[in-house]
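Topology and contacts: notes
What follows is the residue order along each chain.
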Amino acid sequence: MHPEHQRAWVQQAQLDAERGVIACRMCKRHAGLDETTTLWRNGLLVFALCDRCAASHDVMFSPTEAGVEVRAKRRGPLIVGGGP
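Residues numbered from 1 in each chain as written. Predicted model: local features only at pLDDT ≥ 70, side-chain atom pairs only at ≥ 80, totals over all residues. Heavy atoms only, no water.

**Observations regarding helix H1 (residues 3–19)**
In this model, H1 (17 residues) spans 25 Å end to end at C-alpha, consistent with the 24 Å of a helix rising 1.5 Å per residue. Of all the residues in H1, the buried ones are Trp 9, Val 10, Ala 13, Gln 14, Asp 16 and Ala 17. In the stretch just after H1, Gly 20 is the one whose phi turns positive, near 85°. (Helix = DSSP H or I, 4+ residues; strand = E, 2+ residues; numbered from the N terminus. Expected span 1.5 Å × (residues − 1). Buried < 20%, exposed > 50% of the residue type's maximum accessible area, 1.4 Å probe, protein only.)

Structure representation (structure tokens):
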């Protein structure tokens, strides 16, 4: 992600957090603070993950010189569509 996009996301996330609603960084779905896992650094929200995405992914946070690197790996195959 470009630094200017990261700054814009952080700024919007701060406004959303003040309202008690956060956009998941993976699926972009809005969820309440009680339905998200958040990562804060120096008082700023830097990452948010909704419970739905957290239930289906293994997420790893690693500190870097520039901030925090986040990697996610799906736990199972993606199922598209319904049954017969």
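**What about unusual backbone geometry?**
A positive phi angle, close to 70°, is found at Lys 28, a residue other than glycine. Following the sequence through the fold, Lys 28 ends up in the loop between strand E1 (21–23) and strand E2 (30–32).

**Observations concerning the nonpolar core**
Formed by Trp 9, Val 10, Ala 13, Ala 17, Ile 22, Leu 45 and Ala 48, the largest nonpolar core amounts to 7 residues. For this core, the secondary-structure elements that each account for two or more residues are H1 and strand E4 (44–50). Counting residues per element, this core draws most heavily on H1, at 4 residues. Once you skip the residues sitting within four places of it in the chain, Ala 48 turns out to touch Trp 9, Ile 22, Ala 23, Cys 24, Arg 25, Thr 37 and Thr 38. Listed in part, the 6 residues of the second largest apolar core include Ala 31, Phe 47, Cys 50 and Cys 53. (Core = buried A, V, L, I, M, F, W, Y, C linked by side-chain atoms within 4.5 Å. Contact = heavy atoms within 4.5 Å.)

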